[in-house]
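Now for the letters of each chain:
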Amino acid sequence: MAPSIDVRALVRAAKTRESEVTSTSERHDRFFPDGFVDTTLDDDGCGVASEKSIPIATVDGLSYEREWLGERDADELERALLASPSSWWTSWSNARRVMNAGGNAPSQLFRGEEDLKHFPAYLRALMRAMVNRKTSDAEPNHVLVNEYESRGGITPHSDGAVYAEDVSILTLRGTALIEFWPSEGEITGRPIASVLLEPRSVLTYKGTAYRLRHGIRETDADVVTEETANARALGLNPGARVERNPRGRVSVVFVRKRTVV
Ligand SMILES: O=C(O)CCC(=O)C(=O)O
């Protein structure tokens, strides 16, 4: 006999989740009482062509911008995101936990306003800034937060077909070397490229770069190599060791999910 499904319990659980999401987004709005104080949210020429932006010629579609967010705003954003209830976080084995900061489950398609209404106002402002500052081609509609322990990493992967090929990663705390690998085959030898992600920077990967796999090693210190595309701009030579922050790393991933038709 097929196992019976307790439909009432499922509906109750969905309602609880719904009210938790709403009350949490209201609670979130106590952050940023004065709005963003040291971040430029509109294009003032600090987009792709600014001095803070480091072109990465070795991989089509890969770009990196330093100091995308101001220091005070970065602190406030971290406080706000980490104040989310523990039930919002999912732990992964390699010293990483992930939070869905708005919208529906990461694997589900985008449902329009139904998903957008759950975002706190400050995240909506950053989502708009992504496109106003020409970081993304179009406005993201989904945001994930990763919190890593100091040594934590993420296995090389590609982000798959649910998202448009245009992803931006804002690092809030800690540095880490992200490596890009061919889309298929064994991960051996040297990566195609790597980028050292600094606090307050944004890394964007689109098109060709999106289709590569990317990952971060589990380690106490990252080692800059010939492939590290922003090493020179950061004043680092191949072989330089960059210790991980003992407090770990926090990153915010802005994506655009495909829409339910
Ligand atoms: O934390 C990062 O910078 C990478 C995150 C990532 O690759 C992911 O969430 O899929």
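The present account deals with the structure reproduced in this document. Just so it is clear, the model here is predicted, and its values are computed rather than measured.

1. Let's talk about the overall build of the protein chain
Then step 1. A count of helices and strands for the protein chain gives five helices and 14 strands.
Then step 2. Residues classed as buried in the protein chain amount to 50% of the 261 residues present.
Then step 3. Within the protein chain, counting contacts between residues at least 6 apart in sequence, those at least 24 apart form 77% of the total.

2. Quick look at the site of the ligand
Then step 1. In the neighbourhood of the ligand, the contacting residues comprise Asn146, Tyr148, Ile154, His157, Asp159, Ile169, Leu197, His214, Ile216, Arg249, Ser251 and Val253.
Then step 2. A distance of 2.9 Å separates an oxygen atom of the ligand from a polar side-chain atom of His157.
Then step 3. For the ligand, an oxygen atom lies 2.9 Å from a polar atom in the side chain of Arg249.
Then step 4. Here the ligand, which alone exposes 290 Å², has 92% of that area covered by the protein.
Then step 5. When atoms are counted within 2 Å of each cavity's grid points, the one that captures over half of the ligand is the largest pocket.

3. Remarks on unusual backbone geometry
Then step 1. Non-glycine residue Phe32 carries a positive phi angle of around 50°.
Then step 2. Within the secondary structure layout, Phe32 lies in the loop between α1 (7-28) and β1 (53-55).
Then step 3. One non-glycine residue, Lys134, lies in the positive phi region at around 65°.
Then step 4. Relative to the elements of secondary structure, Lys134 occurs in the loop between α4 (121-132) and β5 (142-148).

4. Here's the deal with the layout of surface pockets
Then step 1. Taken as a whole, the largest pocket encloses approximately 690 Å³ of empty space.
Then step 2. Taken together, 34 residues make up the lining of the largest pocket; nearest its centre are Arg96, Val98, Leu144, Asn146 and Ile154.
Then step 3. For the lining of the largest pocket, the class distribution of residues is 17 nonpolar, 13 polar and four charged.

5. Examining the sheet that holds strand β8 (residues 176-181)
Then step 1. Here four strands make up an open sheet; going across it, the order is β6-β11-β8-β9 and the pairing antiparallel. The open sheet terminates on both sides in strands that have one partner only, identified here as β6 (154-157) and β9 (193-197). Averaged over all adjacent pairs, the angle separating strand axes in this sheet is 20°, with direction ignored.
Then step 2. Across five bridges, β8 lies against β9 in antiparallel orientation. Residue pairing in the sheet places Ile178 in a bridge with Val195 of β9.

6. Considerations on the packing of aromatic side chains
Then step 1. Applying the stated criterion across every chain yields a total of four aromatic pairs.
Then step 2. Both rings, one in Phe180 and one in Tyr205, keep their centres 6.0 Å apart while their planes meet at 70°; by these two values the pair is edge-to-face. One end of the pair, Phe180, is in strand β8; the other, Tyr205, is in strand β10 (residues 202-206), and 25 residues separate them in sequence.
Then step 3. Within the aromatic cluster, the residues linked to one another by ring pairs are Phe32, Phe36 and Tyr122.
Then step 4. Here the basic side chain of Arg133 rests over the ring of Trp68, its NZ or CZ set 4.4 Å away from the ring centre.

7. Quick word on the sheet that holds β5
Then step 1. Taken together, the eight strands give an open sheet; going across it, the order is β1-β2-β10-β7-β14-β5-β4-β3, and neighbouring strands pair in antiparallel fashion. With one partner strand each, in any of the chains shown, β1 and β3 (89-92) form the two edges of the open sheet. This sheet shows a mean twist of 20° between the axes of neighbouring strands, independent of strand direction.
Then step 2. Here strand β2 (residues 62-65) pairs with β10 via four bridges, running antiparallel. Note on β10: the bridge partner recorded for Tyr64 is Leu203.
Then step 3. Lying over the sheet, α4 contacts β5, β7 (166-173), β10 and β14 (249-255), oriented at roughly 65° with respect to β14.

8. Thoughts on the environment of Arg66
Then step 1. Looking at where Arg66 falls in the secondary structure, it is placed in the loop between β2 and α2 (71-82).
Then step 2. Each C-alpha atom, one on Arg66 and one on Glu198, is 7.4 Å from the other, the two residues being 132 residues apart in sequence.
Then step 3. Not counting chain neighbours up to four residues away, the residues in contact with Arg66 comprise Lys52, Ile54, Glu198, Arg200, Ser201, Ala233 and Leu234.
Then step 4. At 2.7 Å, the side chain of Arg66 and the side chain of Glu198 are in polar contact.

Calculation rules
- Residues numbered from 1 in each chain as written.
- Predicted model: local features only at pLDDT ≥ 70, side-chain atom pairs only at ≥ 80, totals over all residues.
- Heavy atoms only, no water.
- Helix = DSSP H or I, 4+ residues; strand = E, 2+ residues; numbered from the N terminus.
- Buried < 20%, exposed > 50% of the residue type's maximum accessible area, 1.4 Å probe, protein only.
- Contact = heavy atoms within 4.5 Å.
- Near = heavy atom within 4 Å.
- Polar contact = N/O pair within 3.5 Å; in protein donor to acceptor, adjacent residues only side chain to side chain.
- Areas by Shrake-Rupley, 256 points an atom, 1.4 Å probe, with all protein chains shown as cover.
- 1 Å grid on protein atoms, 1.4 Å probe; cavity = no way out; pocket = protein on both sides within 12 Å on 5 of 7 lines; lining within 4 Å.
- Sits in = over half its atoms within 2 Å of the grid points.
- Points joined across faces, edges and corners; volume = space filled by probe spheres on them.
- Nonpolar A, V, L, I, M, F, W, Y, C, P; charged D, E, K, R; others polar.
- Pairing = 2+ DSSP bridges.
- Axes fitted to C-alpha atoms, helices over the stretch in contact; angles between N-to-C directions.
- Phe/Tyr/Trp six-rings, centres within 6.5 Å; stacked < 30°, edge-to-face > 60°.
- Lys NZ or Arg CZ within 6 Å of the ring centre and 35° of its normal.

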